[in-house]
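What follows is the residue order along each chain.
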Amino acid sequence: MIRDFHEHADGATIEADLCIVGAGAAGITLAHELRNSRRRVLLVESGGLDADAATQELYAGENVGMPYPPLDTARLRFFGGTTNHWDGHCAPLDAIDFEKRRWVPHSGWPLTRADLAPAYERAQVMCELGPCEYRPERWGDALPGLIDFESRRLVNRLWQFGPPTRFGRHYRDALNDAANVEVLLNANVVEIVVNDEATAVRKLRLRSLEGRSGAIRPRTVVVACGGIENARLLLASDRVMKNGLGNANDLVGRFFQEHPHAIFAFAVPAVPIDRLGVYYGNFAARGEAGAAVFQAKPGLSEDIQRREGLLNCCIDVGWGYQRSPGYLKFRAVAKSLAQGRMPRDLGHAVLTMAGDLGGLAEGLYRRARDQNVFWFACSVEQAPNPDSRVTLAAERDALGLPRVRLDWRLSPLDKITARRACRLVGEEFARLGLGRMRLDDWLLADDTTWQDMDVRYHHMGTTRMSDDPKRGVVDRHCRVHGIDNLYVAGSSVFPTSGYANPTLTIVAMAVRLADHLTDRLADRLGGGNGG
Amino acid sequence: MRDMQPFRSAVPRRWLLAALATVLASPAVPWADRRGAPRHLRPERLLSDLGGARAIGRQYLALAPQEAAPGLLARCLDAGTGAGACGDAGPERLRRALDEQRRRDFAAGDTVVIDGWILARTEARLCALAALG
Ligand SMILES: Cc1cc2nc3c(=O)[nH]c(=O)nc-3n(C[C@H](O)[C@H](O)[C@H](O)COP(=O)(O)OP(=O)(O)OC[C@H]3O[C@@H](n4cnc5c(N)ncnc54)[C@H](O)[C@@H]3O)c2cc1C
């Protein structure tokens, strides 16, 4: 059932076996997995079924570190969460991403890739992807044109493309029809209230923008508000624990990670551009394993990561006549118009083109002469950095909650890895006669600066996972250390980020958490799973 | 503007492409054995755009000044390619030997970055030889 908070009496207290706070990829997956069980599941969502400016404004915050887009545009606050405009590009983490790597301080998950394998299978279905098969060799001739890299240096990594699944729209009916699930819209959790010992959650305080308040008395709570907001809610719930919940060791909000992304090289092609079609995305393939839509990317082999002490990284390969912002914007606008769609944010596009007339002109000239180049961008893992963090700002939002302050910081190894990966790709392109690469000056500079950084809106690490409470906010089951019935879902629990976009892993972890909660709720309430 | 850089850089792209097309242009200039490089390694026989090659070579020599001697460079190239064995067998065989060495350089990561371009050490040395010529 889907209801609005205003259908409850003002000041009402709602009981639930499990309360999930936030209906994005993580929260909806959890509720979907637990539908039709005997447990009463309450999925509380700040927004309604559609976007609304006043609710979205609750996400506004300060950026005080590396340049970052305004925080109220970097995520979405209504039913379906940020999947209302995600792109559906997915890849699982690699086995090495879970390891404690001596050369990556603060690395290591309390899980292995094998632990997550069954959940990844189910996550593929949730995200409407193809089979959970990311090994290129298993696709054989279905993926023609894969580059035969020297495998001790580079390997081909596969990504899959979903429709992309809009979780809100796609799973709305299933949740509405589930007898044990109530979705509560336009209800903001503004505080997690714990007992005096801070060992258990007693209730959640609710407020709406219209001034209505209420409470939830849950047996178990999962906070699934996104990678920044999870930390905000724990930090702001400071009535008993003065530094916020789960923060006895000053870890909540720290280790914020993104996927720094920037174009950093181009290559003059020595082969027809089409030859590398499988690297440009949206490549539909059908093999023995089934059908999927792919993108291949050159990635650092595990071997070279270990030998040279590098992070994980893969490289996007694209092509075009010009890669300046003005020309790229022109191309995007032209593509939308050709498809009969009005471009997203036309005003911004026009400004970008006007601000880069030289680049636009060169692009158009090269286009007229059909002179293409390959361009390369990196998707690099960010090394966990305790100083890269989310804290609370002095200013409060319309509900009285302190706004968030993001201080995003990178480390030298991030750029070292990007530079090395790019050079390896350049060497392999030259060795194989595919083209000759020129690296951008900023990439060669031996410092930590990045130019024209294009972030990915992946917010990770702020409630990191570790079995050791001194090193992590949550344990391997995503339970907040020291608080018996409080869990966190989403990429905030990732100790490290890999190069892969996070949502497939967010969904896999939510599936795994659903299994854990099914067992746990069964233990607590007695009886089986129901059904 | 950043995106125009490749086409305005100190080593113009036109030169680079011509010079590195690669190590395979037919000899445009008759060579003369004056400077101590073995006859078969005369750069004029291998590079189509000497001007471009020299510009690259000068930058390489700035990075590796200890190699600024034609004899030394030629010996390095010889050692890598076994080109000496080709003797006067003709530019075709020499070009093949250099091309193979170039590939080996790339595979081994024996490369240099000059003005942003990634060059095999062999390519850079050949250009340096041209610059000294
Ligand atoms: C433009 C863009 C493109 C992207 N493309 C990709 C991609 O291709 N691949 C990929 O893997 N990822 C992509 N992402 C990231 C992806 O969208 C997120 O990783 C994913 O949505 C996170 O899921 P989540 O459930 O943790 O958080 P969200 O989806 O953000 O959901 C959080 C939910 O919690 C609700 N909420 C917040 N606070 C409260 C509160 N106090 N009380 C009640 N409810 C609350 C919010 O309203 C929201 O519905 C993209 C993101 C953007 C912005």
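The text that follows walks through the structure, step by step, so that each part is easy to find.

Procedures and definitions
- Residues numbered from 1 in each chain as written.
- Chains lettered and ligands numbered in written order.
- Predicted model: local features only at pLDDT ≥ 70, side-chain atom pairs only at ≥ 80, totals over all residues.
- Heavy atoms only, no water.
- Helix = DSSP H or I, 4+ residues; strand = E, 2+ residues; numbered from the N terminus.
- Rg over C-alpha atoms; globule rule 2.2 N^0.38 Å.
- Buried < 20%, exposed > 50% of the residue type's maximum accessible area, 1.4 Å probe, protein only.
- Contact = heavy atoms within 4.5 Å.
- Expected span 1.5 Å × (residues − 1).
- Arc of directions from axis to C-beta.
- Bend = angle between axes of the 7 residues up to and from the residue.
- Pairing = 2+ DSSP bridges.
- Axes fitted to C-alpha atoms, helices over the stretch in contact; angles between N-to-C directions.
- Phe/Tyr/Trp six-rings, centres within 6.5 Å; stacked < 30°, edge-to-face > 60°.
- Disulfide = S-S within 2.5 Å.
- 1 Å grid on protein atoms, 1.4 Å probe; cavity = no way out; pocket = protein on both sides within 12 Å on 5 of 7 lines; lining within 4 Å.
- Points joined across faces, edges and corners; volume = space filled by probe spheres on them.
- Nonpolar A, V, L, I, M, F, W, Y, C, P; charged D, E, K, R; others polar.
- Domains from an automatic or database assignment.
- Salt bridge = Lys/Arg side-chain N within 4 Å of Asp/Glu carboxyl O.

Within chain A, the secondary structure is distributed over 12 helices and 19 strands. The C-alpha atoms of chain A give a radius of gyration of 23 Å, which matches the 24 Å a tight globule of 531 residues would have. Along the first, second and third principal axes, the C-alpha atoms of chain A reach 70 × 45 × 45 Å. Counting across all 531 residues of chain A, residues that qualify as buried make up 60%. Once local pairs closer than 6 in sequence are excluded, the contacts in chain A between residues at least 24 apart make up 75%.

Here we take up helix α9 (residues 357-368) of chain A. All names here are of chain A. Its 12 residues place the ends of α9 16 Å apart at the C-alpha level, agreeing with the 16 Å of an ideal helix rising 1.5 Å per residue. Gly-359, Leu-360, Glu-362, Gly-363 and Arg-366 are the residues of α9 that are buried. Projection of α9 onto a plane perpendicular to its axis shows the buried side chains occupying an angular sector of 165°, all on one side. Opposite the packed face of α9, turned more than 90 degrees from it, sit the exposed residues Leu-357 and Ala-368.

Every α-helix carries 3.6 residues per turn, so stepping three or four residues along brings you back to the same face. Residue and element names in this part refer to chain A. For helix α3 (residues 113-126), with 14 residues, the first-to-last C-alpha span of 19 Å sits near the 20 Å given by 1.5 Å per residue. The largest bend in α3 amounts to roughly 35° and is located at Ala-119. Along α3, the residues classified as buried are Leu-116, Ala-119, Tyr-120, Ala-123, Gln-124 and Met-126. Two residues or fewer past α3, Glu-128 is found with a positive phi of approximately 55°.

What follows covers the sheet that holds strand β4 (residues 61-63) of chain A. All names here are of chain A. Spatial ordering of the open sheet is given by β4-β17-β16, a layout of three strands whose pairing is mixed. The strands lining the two open edges of the sheet, one partner per strand, are β4 and β16 (389-396). In this sheet, adjacent strand axes meet at a mean angle of 30° when their direction is disregarded.

Another aspect to go through is the packing of aromatic side chains. All names here are of chain A. Following the criterion strictly, the structure yields 13 aromatic pairs over all chains and no others. With 6.3 Å between their ring centres and 85° between their planes, Tyr-68 and Phe-256 make a pair best called edge-to-face. Of this pair, Tyr-68 sits in the loop between β4 and β5 (89-90) while Phe-256 is found in the loop between α5 (229-236) and β11 (263-269), placing the two residues 188 residues apart along the sequence. The class of Tyr-68 is buried, set by a relative accessible area of 10%.

What follows is about the state of the cysteines. Residue and element names in this part refer to chain A. Following the criterion strictly, the structure yields zero disulfides over all chains and no others. Take Cys-127: it sits in no disulfide, and the sulfur closest to it among the cysteines is that of Cys-90, at 4.8 Å. Here Cys-127 falls in the buried class, since its relative accessible area comes to 1%. With no disulfide of its own, Cys-478 lies closest to Cys-225 among cysteine sulfurs, the gap being 14 Å.

The subject of this paragraph is the layout of surface pockets. Residue and element names in this part refer to chain A. A volume near 560 Å³ is recorded for the second largest pocket. Considering the residues around the second largest pocket, the lining is formed by 25 residues, among which Tyr-134, Arg-135, Pro-136, Asn-156 and Arg-157 are closest to the centre. The greatest single-element share of the lining of the second largest pocket, amounting to five residues, is contributed by strand β6 (residues 154-161). Looking at side-chain class alone, the lining of the second largest pocket contains 14 nonpolar, three polar and eight charged residues. The two domains that each donate at least three residues to the lining of the second largest pocket are domain 1 (1-122 + 164-258 + 385-410 + 459-531) and domain 2 (129-162 + 260-314 + 372-380 + 412-449).

With that settled, the discussion passes to unusual backbone geometry. Residue and element names in this part refer to chain A. In this structure, Pro-164 follows Pro-163 across a cis peptide bond, with omega equal to 5°. Following the sequence through the fold, Pro-164 ends up in the loop between β6 and α4 (167-177). In this model, His-106 sits at a positive phi of 70°, which is unusual for a non-glycine residue. Looking at where His-106 falls in the secondary structure, it is placed in the loop between β5 and α3. Taking relative accessible area as the criterion, His-106 reaches 36% and is therefore assigned partly exposed.

Residues and elements named next belong to chain A. By the definition in use, this model includes 47 salt bridges over all chains. For Glu-308, the salt bridge goes to Arg-420, with nearest N and O atoms at 2.6 Å. Taken together, the positions of Glu-308 in helix α6 (residues 302-308) and Arg-420 in helix α10 (residues 412-431) put the pair 112 residues apart, joining distant regions of the chain. Among the residues examined, Arg-420 registers a relative accessible area of 23% and is labelled partly exposed. Between Asp-468 and Arg-471 there is a salt bridge; the shortest N-O distance is 3.4 Å. Residue classification places Asp-468 among the partly exposed residues on the basis of a relative accessible area of 30%.

Bear in mind that shape data such as this cannot, by itself, settle questions of function.
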